[in-house]
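The chain contents come next:
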Amino acid sequence: MNSNQISKAVRLALVAGAVSAVAAPAAFAADDQSTTTTTTTTTNNSNSTNLGKIEVTGTRIKRTDVETAQPVTILTQAQLKQTGLTSIGDILQSVTQAGSALNTTFNNGGNGSTNIDLRNLGANRVLVLVNGRRWTPALNGTVDLNTIPVSIIDHVEILQDGASAIYGSDAISGVVNIITVKTYNGAEATAYESIYNGGGHWDGKVNEYDFTVGSSGDKAGVVMNVGYVNQHEIWAGNRDISKEPIRGVGSAGGSSASPFGRFITVPTATGACPTGVTLTIYGTCDMTLRAGGKGGLAGSATGPSLTNFRDFAGADHYNFAPLNYFVTPNERTSFYAQGHYDLADNLTFTTDILFNKRSSQQSLASSPLFLGLGGSSFVNGQAIGVGATNPYNPFGHTLNGSTSTFNPATQDLLVLLALRPTDSGRRVFNQNVDTAQFTGTFKGYFNLGGNEWDWDLGYTYGDNYETDLTTGLFNTERLATALDSPGVAPCASQPGCVPFNAFGGANGTLTPAMLNYVLFEEHDASERQMRDFTGNINGSLFDMPAGPLGLALGYEYLEFNGFQHPDATVSSGNTSGNVTQPTDGREKTAAEYIEFDIPLVADAPGFKMLDLDLANRWSQFKWFGGTPGTTSSTVVHTANATTGRAALKWQPSDSLLIRASWSQGFRAPSISDLFFGNSDSFPQASDPCAHGTGVVNCGGPHTQPNQQIRSTVGGNASLHPEKATSRAIGFVYNPDFIPGFDFSLDYYKIDLEQQVTAIPVQTILNGCYINNNLQDCSYITVKGGIITDILDTNVNIGGVKTNGMDLATHYKFPSTSAGDFKLGLDWTFLRNYDQTLPNSGSPSGFSTTDLAGSTTGFGGFPKQRANLSLAWNYGNLSATWAMEYISNMTEGCVALMFANNLCSQRGATAATSSNYLGKTIYHDVQGTYHSDDLNTDFTLGIRNILDKQPPTADTAFANSFLPAFYRVPGRQFYGRISVKF
C-alpha cells in the first residue's frame, strides 16, 4: 500500500472512530451519580468539571494543568478595563508580541477595522477564535476585532506559537482566543467617556454605553449584552506632526496636483513655452498659474491668457494634510447573547449569537486629476487632453495627451495636467458593515473502557456584509467630454454637458453646473460568509506508568464565500479614484486531525513530570470562482497540506517547568489573494531614473511629479499555500522561597516560506533601473518620461525568518497595612527579521534584508517592546500605573528629506542616509472607587499622562506618523461608571 493510501486510510479511520463514538447508544450511558462530576472548560460553554480539567488554547486535550508546552498569555477582564480602551483590537495591539496592523488611526488605506498582527508576520497569519471557534474574516483573511465588544469578554488567551496542526490554516504566528462571559446572574450598566487634549485642541471624544443581563441555574443559563461605541474624529490639521505631508517642509512634500494646476507640455505647435515659462532640460514647459482672483485666469477681465502662466516650483505643491483624519470616526452598535441548556445529565446544547453594526469614515483632500500622457485617467484607451474648442483653453490649440491621435503641427503634447479642483469638496469614504455570527454546539461525555470521553458537534455561520459610499470623485468619461478631449464627442453635442474650466487658477471658478456634470457617487458592496462544521472527541485511551495517555481527534469542514463588487463607473476605469475590478470566489476545506498527550515519566528524581504532545492535521483545499460578477462552480485550484507538531514539557521540580515545541504551519491563500480584481494602488516610491545616477534602461529623461507612483495590484489564481516552521524553547520558574513570584523566558524562531504578497514597488524599480533585470522592466509603464503604472499582483516569494525572546514576570507583594501591590512586566526582544525578496542583482536571484529596528510605511520592527504595570488595592480603592515602551527604529531617507536636512544620520546621498526615531515611553494612570451602598464602580484615568509625543516618521505613508505603534499625540482623559443591579 503506498503512502497516499495509508494516509487516506488513517484519516478515514479517525473520522469513523469519532462518528461511531458519538453515535453508539452505549456511549451515552450515564455514570453512577456517586462518582461523577461535571466538566467545565475555559473555551467552551459547559457546566461540567471533570477533576478540574480545562481546555487550553493550543491543544484539544483537556488537562488539569494550565501551563502547557507552548506559551500562552492570558489577559483578564480586569486587565482589559485597566487599559481605558473601548476596542479589544486597540488593546491587543499594545501587547509586546504585536506588530503592524490596521486600526482607526489609519486614514489613507484604512477601512474602519482593527486587526491584530503577531510577530510582524501580518494580520492574515493570526488565527482569531471566539470561545474556541473561528471568527468571520474579511476577504483578505483578517478579522475586524471591532466586531467583538469588550464588555462581553471574560478573558483573552494569546498562544505565542504556531498551531496549524490543531486549528488549521492561518495559525502561523499564533492564536488569539477571546473567551466570553459564560454564566451571569444579575444586571450591569456601564457608561464611559473620554476626550483627547493635544496640539491645543480638545477632540477625539469617545462614548461607550453597554448593558448586560443574565441568569443561570442548575440546568440552563443565558447572558445578553447590548453595547454602543462612538469614536469621534481628530483632524490631521489639529496636530503639529500631521498638519503637513512631511513635517518641516511645508507644502513642498505635498501633491503636484494643486488648485492652480501643474501643466507639463511639449510645445510642438508653437515651438516655445508661454512668456515667463522656462523650457526644461526634458524639452517641456513645466508651468502653473499665477495666484489671483476668481473667474477667468487669475482674475483676468478678458478671460484666460497665456501671460498668467509661470514656472512650477516646489512650493507650488499642495498641502493636502489638514483635510485628512488623524483618528477616523467609528460608530458601533452590538448585540450578544449566549446560552446553554442541559438536555440530559451528559448532553448540553450551547449557542452564541452576535450582531454588530459599524459605520466608519475616512477623509482625503479633494480628488486630484492627473490627465495627459503621464496621467492615470484614460477613456477608450486614450489619455485625456483639452480640446481647442474648450472655452477655457488659453493656448488656442489642442493639448493632446494621446500619441495615437497627436498632430505635432497643430497641437501641443500634454505630458501631464495635474489639478486639484477644491471646489468639488473633499473625498469622503463611508463604510456600513453588518457582522453576524451564530454558533450552535452539542456537547457531551460518555464512559468507554473505564475512562471518560468528551465530545462536541458544532456549526458556526458568519456573515460580514459591507456597503461603501464614496463622494467627491470625478467621472473621467464625462470629464473628457467637458474638456473637449480629442477622440470623444464634443461637449456641445452632449445633453446636459457643461464645459469644464481646468484653467481657473483659484477656488470658486468651478460652478455647480460644471461639478454636477462630472462628479459621481461611488457605491460598492462586498460580503464574506463562513460555514464551519466541526466534530471533536478527546479523552484517555489507557493508563501508562506515568499517567493516562490522552487522545483527541476530529474533523472540520470549512467553507468561505465572498465577493467585492465595485461601482460600475469604478470598474470601467472612468474614475478619478482607484480603479477596481470585481472579486468573486469560494473556498472549501476538509480536514482531519489527531493529537496525543503522552506521559513519559512522573514522580522520579529530576522528573516530576515529562510529557510529550504529538499532533498532525491533514487538510484538503478547493477554490472556485474568479469570474467577475459570479461565483463559479468550476474548481480553479486545489491543494493539500499536512502539518505536524511535537511539544515537550519537563518539570524537574514543583517550581520549574521547561518546555519546547516544534510545529509546521500553513496558510491557504484567501479569496482576496487568489481572485482580487486588478485595482489601483499608489505607494510611495522613488524612480531611480529621476533621482539617481548610474542607472540603466531609462529610455530617456524621467521626471517624478509625485512621491506616490501608481501600481496595479490584484489576485493570482495560481498561488500556493504558505508554509512555516516554528520552534520554541523556554522555562517557567515559580520559586518556593519567593511566594507570589513567577518568571518565564521563551525563545521563538519562525521560518515562513512561499510568502504570498506583492513585491514592493521599490524592489521592482531598483530591479529594472539599477540591477538591469528586464523582467522587472516588463512590469513598468512609462509615458512622457513619467512612470504611469507598475504591474504588481500577488506572487509566492522568498519569505521571512524571524526570531526573538519573550520575557514575563509578575510579583504579588505580601499584604501591607497600605494595601496590596502587584507588579508585572512583559518584554519582547526581536533579534532578527530577515525578509527574502527577488533580486536579479544577486547571484541567487534573491536578497535578504534584516528589518529588525527599521520602519515601514505603516509600521516597523522595533527590537524591543515592553509593558510594565503596578496595581494597588486597598479596601474599596484601587489604582494602576502602566508604562509602555517602544525601542528606537531607523527609517530610510528619500530625496526630499535629504534636500531638507531631515536625515539625522546624513551620508553623501539620500540612499546612504537614514533617520533615527528615538525610543518612546508612555505612562498611564487609573483609579477606581467601589461604593458598597450603590454597588457602583467609579473610574478615572489618563492615558499618556506625561504627554509624550511620538517620533516623527518622515517616510510614513501619511501624517508623518506610524499608526501601528504610536499613540495619538496628546493626553486622553476618561471616566467610567459601572452599576450592578
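Note that the structure is predicted; figures quoted are calculated from it, not measured.

Enquirer: Explain the side chain of N103 here, please?
Expert: Examined against the element boundaries, N103 turns out to sit in the loop between α3 (88-92) and β2 (126-130). Within the local environment of N103, its side chain forms a polar contact with the side chain of Q93, the two groups lying 2.8 Å apart. In this structure, N103 is in contact with D90, Q93, S113, T114, P963 and A964, ignoring residues within four places of it in sequence.

Enquirer: Help me understand unusual backbone geometry, please; the structure alone is not making it clear to me.
Expert: Both trends apply: most residues other than glycine have a negative phi, and most peptide bonds are in trans. The phi dihedral of Q754 is positive, around 55°, even though this residue is not glycine. Residue position: Q754 is located in strand β32 (residues 741-757). Exposure remark for Q754: the relative accessible area of 27% places this residue in the partly exposed category. Of note in the backbone geometry, N935 takes a positive phi value of approximately 50° without being a glycine. Relative to the elements of secondary structure, N935 occurs in the loop between β42 (920-931) and β43 (936-943).

Enquirer: What am I meant to see in the pattern of salt bridges here?
Expert: Close approach of charged atoms allows side chains with opposite charge to pair. Summed over the entire model, instances satisfying the criterion amount to 26 salt bridges. The closest approach of N and O atoms between R262 and D286, which form a salt bridge, is 2.7 Å. Residue R262 is found in strand β10 (residues 262-266), and its partner D286 is found in strand β11 (residues 285-289); the two are separated by 24 residues along the sequence. The partner of R310 in a salt bridge is D316, and the shortest N-O contact between them spans 2.7 Å.

Enquirer: Please explain the nonpolar core as it appears in this structure.
Expert: In this structure, F309, L417, L483, F500 and F503 are the most contacted members of the largest nonpolar core, which totals 32 residues. For this core, the elements supplying multiple residues, two or more each, are β11, β16 (369-371), β20 (412-419), α5 (476-482) and α6 (512-518). Here this core gets four residues from one element, more than from any other, and that element is α6. If you look at the next biggest cluster of nonpolar residues, it comprises 26 residues, including L80, I91, L92 and V128.

Enquirer: Got a minute to help me understand the pairing of β32 in this structure?
Expert: In the case of a regular strand, side chains alternate between the two sheet surfaces. In this structure, strand β31 (residues 722-733) lies alongside β32, joined through 11 bridges in antiparallel fashion. The residue bridging K723 from the neighbouring strand is E753, located in β32. The sheet contact formed by β32 and strand β35 (residues 795-812) spans 16 bridges and is antiparallel. Bridge pairing in β35 links T757 to V795.

Enquirer: Is there a simple way to think about the confidence of the model for the protein chain in this case?
Expert: When pLDDT is low, close inspection of the predicted coordinates is not appropriate. The predicted model of the protein chain has a mean per-residue pLDDT of 89, with 92% of residues at 70 or higher. Here residues 1-51 is a poorly scored stretch, pLDDT under 50, and it has 88 contacts once near neighbours within four places are set aside; other chains count.

Enquirer: For this particular structure, what's the right way to read the state of the cysteines?
Expert: Any covalent bond linking the sulfur atoms of two cysteines counts as a disulfide. Overall, the coordinates contain five disulfides when judged by the stated rule. In this model, C273 is linked to C285 through a disulfide, with the two sulfur atoms separated by 2.1 Å. In this structure, the disulfide formed by C273 and C285 twists by about -95° around the S-S bond and is classed as left-handed. In this pair, C273 is assigned in the loop between β10 and β11 and C285 in strand β11, connecting sequence segments 12 residues apart. The same class applies to C273 as to C285, namely buried. There is a disulfide in this structure between C768 and C777, and the S-S distance comes to 2.0 Å. On the S-S bond that ties C768 to C777, the torsion sits near 95°, and the link is right-handed. We classify C768 as buried; its relative accessible area is 2%. Residue C777 is classed as buried on the basis of its relative accessible area of 18%.

What counts and what doesn't
Residues numbered from 1 in each chain as written. Predicted model: local features only at pLDDT ≥ 70, side-chain atom pairs only at ≥ 80, totals over all residues. Heavy atoms only, no water. Helix = DSSP H or I, 4+ residues; strand = E, 2+ residues; numbered from the N terminus. Polar contact = N/O pair within 3.5 Å; in protein donor to acceptor, adjacent residues only side chain to side chain. Contact = heavy atoms within 4.5 Å. Buried < 20%, exposed > 50% of the residue type's maximum accessible area, 1.4 Å probe, protein only. Salt bridge = Lys/Arg side-chain N within 4 Å of Asp/Glu carboxyl O. Core = buried A, V, L, I, M, F, W, Y, C linked by side-chain atoms within 4.5 Å. Pairing = 2+ DSSP bridges. pLDDT = per-residue confidence, 0-100. Disulfide = S-S within 2.5 Å.

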